[in-house]
Amino acid sequence: MAVQQICTVVEMTQLDANTWWIVLEAGKLVGQHGLTGGQFLQVKCGHSRLLRRPISVAIAGWDEPEDLVSLIFEVRGDGTRWLSRRRVGDHLDVLGPLGKTFDVSQEGHYLLVGGGIGVPPLIMCGEWLRWPRTAVLGFRSKDKAFPAVVSRFQGHCEGTYICTDDGSLGRHGFVDGQVRDLLEKDNSFTSILACGPRPMLKSVAAVAAEFGIPCQVSMEERMACGVGACLGCAIQMKDGTMKHVCKDGPVFDAEEVDWDA
């Protein structure tokens, strides 16, 4: 059940001109309410803005006197621009935990696939998952492959593969090509966990289906209410039904999504 929480900003780090890492003291959202990576918070961005902004949780951990939660976000409009101007000691009004995260209950070897701002929601799977895991991380360029983020996968995963759109770091190309290469060598992965823009997810889902590997996708859609009351984030499923990314997801079985809708 989502609760409203006033959080205190304890760290504010600028990763580049448009990307920020913010750490919050978040009451007992983790220990008592179960907030974890891959879920999201609805953040109130100033008193003049009616709609909250959904921000994915990168890291959530128990601490004293309050739990600590990290959010990594890009400035994409007035709301996130307001959020980027917060400073240590400021307070934020958030609503959470919201959304369903990845199912990693089955023992096995997991393949984590992230693209751009879809990489941070996979950090906790990369660090805390008790089963072996391999990561494929895609960025537009070397400048966007922030060491503070990438190093967290490199320190815990069996292998970490970097792809960039312009070839300035790692493999030149998109993540689905790297995923295909890995599956051609070893198609025994238990599941693929993917988070990123829809075109990337569609491509990764297609490769997973080709090799018969279960695939979970965390969908990125514009959200208004965050609790399923509006239709702003509705997506079509293969069976013809509509589901809300905020309430029914954001994580779905890739085979259930109608990628051509």
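Just above, that's the structure.
What comes next is a walk through the structure. (Residues numbered from 1 in each chain as written. Predicted model: local features only at pLDDT ≥ 70, side-chain atom pairs only at ≥ 80, totals over all residues. Heavy atoms only, no water.)

1. Points about the pattern of salt bridges
Heads up, the rule is: Salt bridge, as applied in this entry: a Lys or Arg side-chain nitrogen positioned within 4 Å of an Asp or Glu carboxyl oxygen. Elements are defined by DSSP. Helices are runs of H or I of four residues or more, strands are runs of E of two residues or more, and each kind is numbered from the N terminus.
Across all of its chains, the model carries twelve salt bridges by this definition. With a shortest N-O distance of 3.0 Å, Arg52 and Asp93 are connected by a salt bridge. Here Asp93 lies in strand S6 (residues 91–98) and Arg52 lies in the loop between strand S3 (40–43) and strand S4 (53–61), a separation of 41 residues in the sequence. Note that Arg76 and Glu74 form a salt bridge whose closest N and O atoms lie 3.2 Å from each other. In this structure, a network of salt bridges that share partners links the residues Asp16, Glu74, Arg76, Arg140 and Lys144.

2. A look at helix H5 (residues 198–211)
We count it as follows: Expected span of a helix: the number of residues minus one, times 1.5 Å. Burial classes: relative accessible area under 20% of the type maximum marks a residue as buried, over 50% as exposed, and values in between as partly exposed (1.4 Å probe, protein chains only). Our arc is simply the arc of the directions from the helix axis toward the C-beta atoms. Only heavy atoms enter the contact rule, under which two residues are in contact if any of them lie within 4.5 Å.
Under the 1.5 Å per step criterion, the end-to-end length of H5 is 20 Å for 14 residues, consistent within 8% with the ideal 20 Å. Of the positions making up H5, those classed as buried are Met200, Leu201, Val204, Ala205, Val207, Ala208 and Phe211. Projected onto a plane normal to the axis of H5, the buried residues spread over an arc of 165 degrees and lie on a single side. In H5, those exposed residues whose orientation departs by more than 90 degrees from the buried face are Pro199 and Glu210. Residues of H5 that are buried in the fold lie against strand S7 (110–115), helix H4 (175–185), strand S11 (191–195) and strand S12 (215–218). At the exit of H5 stands Gly212, carrying a positive phi of roughly 70 degrees.

3. A look at helix H3 (residues 147–154)
Taken residue by residue, H3 has Val149, Val150 and Phe153 as its buried positions. Projection of H3 onto a plane perpendicular to its axis shows the buried side chains occupying an angular sector of 90 degrees, all on one side. Those residues of H3 that are buried lie in contact with strand S2 (19–25), strand S5 (68–74), S7, helix H2 (123–128), strand S8 (133–139) and strand S9 (159–164).

4. Regarding the sheet that holds strand S1 (residues 3–14)
Keep this limit in mind: DSSP-based pairing: two strands are paired if at least 2 bridges between them are found. To get an axis, a line is fitted to the C-alpha atoms, and for a helix only the part in contact is used. The angle between two axes follows their N-to-C directions and goes from 0 to 180 degrees.
The six strands are arranged S1-S2-S5-S4-S3-S6 in a closed barrel whose pairing can be described as antiparallel. The sheet shows a mean angle of 45 degrees between the axes of neighbouring strands, direction not considered. Pairing between S4 and S5: four bridges, direction antiparallel. The residue bridging Gly61 from the neighbouring strand is Leu68, located in S5.

5. Overview of the sheet that holds S11
As summarised here, the arrangement of the seven strands in space is S10-S9-S8-S7-S11-S12-S15, forming an open sheet in which the pairing is mixed. Two strands in the sheet have a free side with no partner beyond their single neighbour: strand S10 (171–172) and strand S15 (251–253). Two elements, S7 and S11, share five bridges in a ladder whose sense is parallel. Across the sheet, residue Val113 finds its bridge partner in S11, namely Ala194. Strands in contact with H4 are S7, S8, S9, S10 and S11; relative to S8, the strand with the most contacts, it is inclined by about 155 degrees. Packing of H5 onto the sheet brings it into contact with S7, S11 and S12, and relative to S11 it is tilted by some 170 degrees.

6. As for the nonpolar core
Basically, it comes down to this: Here, nonpolar core refers to any group of buried Ala, Val, Leu, Ile, Met, Phe, Trp, Tyr and Cys residues whose side-chain atoms link them within 4.5 Å.
In terms of nonpolar packing, the biggest core is built from 34 residues, with Leu111, Val113, Leu183, Ile192, Val217 and Met219 touching the most fellow members. Those elements that provide at least two residues to this core are S7, H4, S11, H5, S12 and helix H6 (245–248). Other than its neighbours up to four places away in sequence, Met219 contacts Arg198, Leu201, Ile235, Val245, Pro250, Phe252, Val257 and Trp259. Counting 27 residues, the second-largest nonpolar core is a separate cluster that includes Ile72, Tyr110, Cys125 and Leu193.

7. Some points on the environment of His33
Relative to the helices and strands, His33 is located in the loop between S2 and S3. Judged by its relative accessible area of 35%, His33 falls in the partly exposed class. C-alpha of His33 to C-alpha of Val3: the two residues are 30 residues apart in sequence and 8.4 Å apart in space. Setting aside chain neighbours within four positions, we find His33 in contact with Val3, Lys28 and Pro97.

8. So, unusual backbone geometry
Along the chain, Gly96 connects to Pro97 via a cis peptide bond; the corresponding omega equals 0 degrees. In this structure, Pro250 follows Gly249 across a cis peptide bond, with omega equal to 10 degrees.

9. A look at the side chain of Glu127
Of note, Glu127 is situated in helix H2. With sequence-adjacent residues up to four places away left out, Glu127 is seen in contact with Arg133, Arg152 and His156.

10. With respect to the environment of Cys125
Relative to the assigned elements, Cys125 resides in helix H2. For the pair Cys125 and Cys163, spaced 38 residues apart in sequence, the C-alpha to C-alpha distance is 19 Å.

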